[in-house]
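One-letter residues, chain by chain:
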Amino acid sequence: MSPDPGQPGSAVSPTPTITAKVVVATTVALSFISFWRGAAIVLSDLASTMFYVGGITEQAIGKSAPWFVLAVMLFSFAVRSIYMESCGMFVRGGVYVVVRDSMGPTMAKLSVSALIVDYVLTGPISVVSAGQYLGHLLNEISEMMRQDLRVNPHLFAVVFGVAVTIYFWYMNVKGIHESSGKALRIMQITTAMVVILLIWCPLTLLIHGKWDVPPAPTPSNLQFHEGSLGWLHGTFWTQIAAVAIIVAFGHSLLAMSGFETLAQVYREIAYPKLRNLRITANIVCIYALLSTGVISLFAVMIIPDSVRGQYYDNLIGGLAMSLAGPALLKLVFHIFVVIVGVLILSGAVNTSIIGANGVLNRVAEDGVLLDFFRKPHRRFGTTYRIICLIAGLQLATILLSRGDVILLGEAYAFGVIWSFFLKGLGVLALRFQRHDQEYKTPLNLHIGGREIPIGLIATVLMLFLVAVANLFTKQVATYAGVTLTSILFVTFLISERANVRKVRQQKQQKALEEFNLEHQAEVGAETVHARPGCVLVAVRDYHRMDHFKKVLEKTNLRRHDIVVMSVRQLSTGAAEYGLRDDQLFSDYEKQLFSSVVELAEKEGKPVELLVVPGVDPFFAMVQTAHKLQASRLVSGVSARMPSEELARRIGLAWERLPEPRHPFSLEIISPDRPSAFVNLGPHPPRLWPEDLDRLHELWLRLSEQEDLGAKLHHRDVVGVALRRLERDLNNANRAEVVEDMQREMRKT
């Protein structure tokens, strides 16, 4: 702290303006979005399954498939609750961190390995499905135009998939990620397609006059073939009704893939965070139920049995061409369906690369991945080696699949179900280890003061049974999934051993945020994106952030922006060029602002981050508030300094600002003391009722004088009193005035 800058009554020497450059820190962690945009991002992955899950499921279990797809969509509400409970504890990092905190690092590495398998296969199945839709459309157009040109849909899907994957690989290396705005626009177009289908399909059924409802989802109606039973084929297990239902349910679970994106999006959901997350999750589940579930049902009811097998890899395309109406109108709608499919399915490729990159970066921060993979691109600054690894695995998958969507669907199911199960198991373990859940999965039984999470246990048990069933029935998925998961798991183990020293350090300190630093000559409206009237919060100790928490809780962002500043104190005479960038924003500032980001992120409110160098921290604070035209400066207080002393020093620093000085409020918040609130600069004083009574009594007495009369106002009384007080301070009555002031202060 600087020494007392002056004594009362002494001449106040002006303090020079800050000339050292300031640092504006930004991070994507403080970019928040609405629940609509959050839902659009999740649905860009989850809703894309409507284009291929119906055909994959029907080929595996028969014509009863739509009922199981609908059952999976209803079950998604239970899985939604698991993710909401995890997010409600603000467990950052998705499935990896949840499992690590609940069941240890070994299980965490296993779970993230399964999740990466999910991400690696998300891209290929999505883009190959898009290629299949496009290839079939080209053939249908050629046939209607009576042309002989035909393309092989499988080969076309491979070429298309490779091209799209390479495109998004390049975009991610450059760092141009799919924005929430683009995802929202894609989902708006997709919604138009879904609405048209939900209207046109019932009309078609009415026109045709027959409702060919799929067989009931009973064991007797299931039509398994050898490939869909795997190692259970020919065994007594398939004769058990419950086992048959679980196996069929497992073949349909692919419809629910994409929920892990909800955990990643939670960081970006705006205030009020948990309420908006609940709305986001409900939108996602209802949308998926209507699109994936209901449309799969309509496809079986409308597409004739004799030709539906031709459309297993482009079921909605077959549905479009089977609707009632003119052939040209159906072709136009089919083209629209394919355009929508290409948009949303191709977008899923981008989402998978971004998701895998984010997860592996989180793993690397924990010391479980070699720093070699995190080396930034020289030009773009992205973790291009991780991106190249993911894209390379996806390209290899596309080539090995030879454009077969059914085969990719079988393999894809492995990572989906095991990541769900391990996530659910981790949340269940945390239920007994932590008690700070803002949201709990419903159906909790309280017996003798203990809580038994019936709903959570039932959901996790169901996921486990389906995971085991898939392990024995999906041979391709088991071979591919176990192999790739084992390779990733061993890679993580080897990397962790190589990073043993780093892992020990990570256990001792929290992972810090990564900030983009922008160095500016001075503070101003152009430097910090904050409107006049913002709230400026000064922070310095990341262990004492209670004042910042209170500002986050009570500030309405529609009226006031929040700017968080830290003063980088300089020694007297330090010059601007004497500070390097790492000195202006050292590891301490990084740790300080990481704590700020975590609190702001949990509340879902964006803040601007600013580091201001200065010799006198008090003057740096008021000068920053002055330049930003802040309405309020908020500060905590050290244990060594009373709130009144801090307010006095900041007030004296305000007096040293050059004219004209911007008036603003100062609020000093401390958890163990009453908050102090004062106004800096000329302002109407807060008068006690007795002060107003005294002023009014003086006005009455003076207005009785004939030479004053009706022209006298209360302001005139105050003006005379202030001038007389000023005169007394400058003559022999000074001591008496000071004594009266001390007596008045003791009264208040």
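For the structure itself, look to the data block above.
One structure accompanies this document, and this report is about it. Positions within a chain are numbered from 1, following the residues in the order the chain's sequence is written. In keeping with the predicted nature of the model, local features appear solely for residues at pLDDT of at least 70, side-chain atom pairs appear and are counted solely at 80 or more, and the whole-chain, interface and lining totals rest on all residues. With hydrogens and water set aside, each side-chain value is computed from the structure's full complement of heavy atoms.

## What to know about helix α1 (residues 35-46)
Let me state the cut-off plainly: The way it works is that DSSP assigns letters per residue, a run of H or I at least four long becomes a helix, a run of E at least two long becomes a strand, and they are numbered from the N terminus. One less than the residue count of a helix, multiplied by 1.5 Å, gives the span that helix is expected to have. For each residue, the accessible area found with a 1.4 Å probe, counting protein chains only, is set against the maximum for its type, and the residue is called buried under 20%, exposed over 50%, and partly exposed in between.
A rise of 1.5 Å per residue sets the reference length of α1, with its twelve residues, at 16 Å; its end C-alpha atoms lie 16 Å apart and thus fit the reference within 8%. Within the span of α1, buried status applies to G38, A39, A40, I41, V42, L43, S44, D45 and L46.

## Quick notes on the pairing of strand β8 (residues 632-635)
The condition that has to hold: If DSSP finds at least two bridges between two strands, the strands pair.
By the alternation rule, side chains of β8 split into R632 and V634 and L633 and S635, which are all buried. Where strand β5 (residues 535-538) lies against β8, four bridges are found, and the strand directions are parallel. Across the sheet, residue A538 finds its bridge partner in β8, namely S635. The sheet contact formed by β8 and strand β9 (residues 664-670) spans four bridges and is parallel. Counted as the bridge partner of R632 is S665 from β9.

## Observations concerning the nonpolar core
Going by this rule: In this description, a nonpolar core means a group of buried Ala, Val, Leu, Ile, Met, Phe, Trp, Tyr and Cys residues linked to one another through side-chain atoms lying within 4.5 Å.
Counting residues in hydrophobic clusters, the biggest one holds 152 residues, and the most contacted among them are F51, M193, L197, M256, F259, L319 and F420. When residues of this core are assigned to their parent elements, the largest contribution, 16 residues, is made by helix α11 (residues 273-302). Counting residues in each nonpolar core, the second largest holds 34 residues, with V612, L646, A647 and L680 among its members.

## Side note on the packing of aromatic side chains
For clarity, the threshold we go by: Pairing of aromatic side chains requires ring centres within 6.5 Å, counting the rings of Phe and Tyr and the six-membered ring of Trp. Pairs whose planes differ by under 30 degrees are stacked, by over 60 edge-to-face, and all others tilted. Only Lys NZ and Arg CZ are tested; either one counts as a charge over a ring when it is within 6 Å of the ring centre and within 35 degrees of the ring normal.
In the structure shown here, the tally under the stated rule is 17 aromatic pairs. Aromatic pair Y83 and F420: ring centres 6.4 Å apart, planes at 80 degrees, arrangement edge-to-face. Here the residue Y83 occupies a position in helix α3 (residues 65-88), and F420 occupies one in helix α17 (residues 405-433), the gap between them amounting to 337 residues. Look at Y83 and you get buried, because its relative accessible area is 1%. Look at Y167 and F168: their rings are 5.1 Å apart centre to centre, the planes differ by 70 degrees, and that puts the pair in the edge-to-face class. An aromatic cluster is defined as three or more aromatic residues linked by ring pairs; in this entry it consists of F414, W418, F421 and F464. When the ring centre of Y266 is taken as reference, the NZ or CZ atom of K273 above it lies at 5.2 Å.

## Some thoughts on a negative patch on the surface
What counts here: Within this analysis, patches are made of residues with over 30% relative accessible area and no salt bridge. Like charges are joined at 9 Å or less; nonpolar side chains (Val, Leu, Ile, Met, Phe, Trp, Tyr) at 5 Å or less. The Shrake-Rupley method, run with a 1.4 Å probe sphere, supplies the accessible areas, and residue values consider only the shown protein chains as cover. The term salt bridge refers to a pairing of a side-chain nitrogen on Lys or Arg with a carboxyl oxygen on Asp or Glu at a separation within 4 Å. By the counting rule applied here, Lys and Arg register as positive and Asp and Glu as negative, while His and the ends of each chain are not counted. Positions of charges follow a simple convention, taking NZ of Lys, CZ of Arg, CG of Asp or CD of Glu.
A grouping of E690, D693, E697 and E704 is seen on the molecular surface, where their side chains present a negatively charged patch. Mapped onto the secondary structure, E690 falls in helix α26 (residues 689-703).

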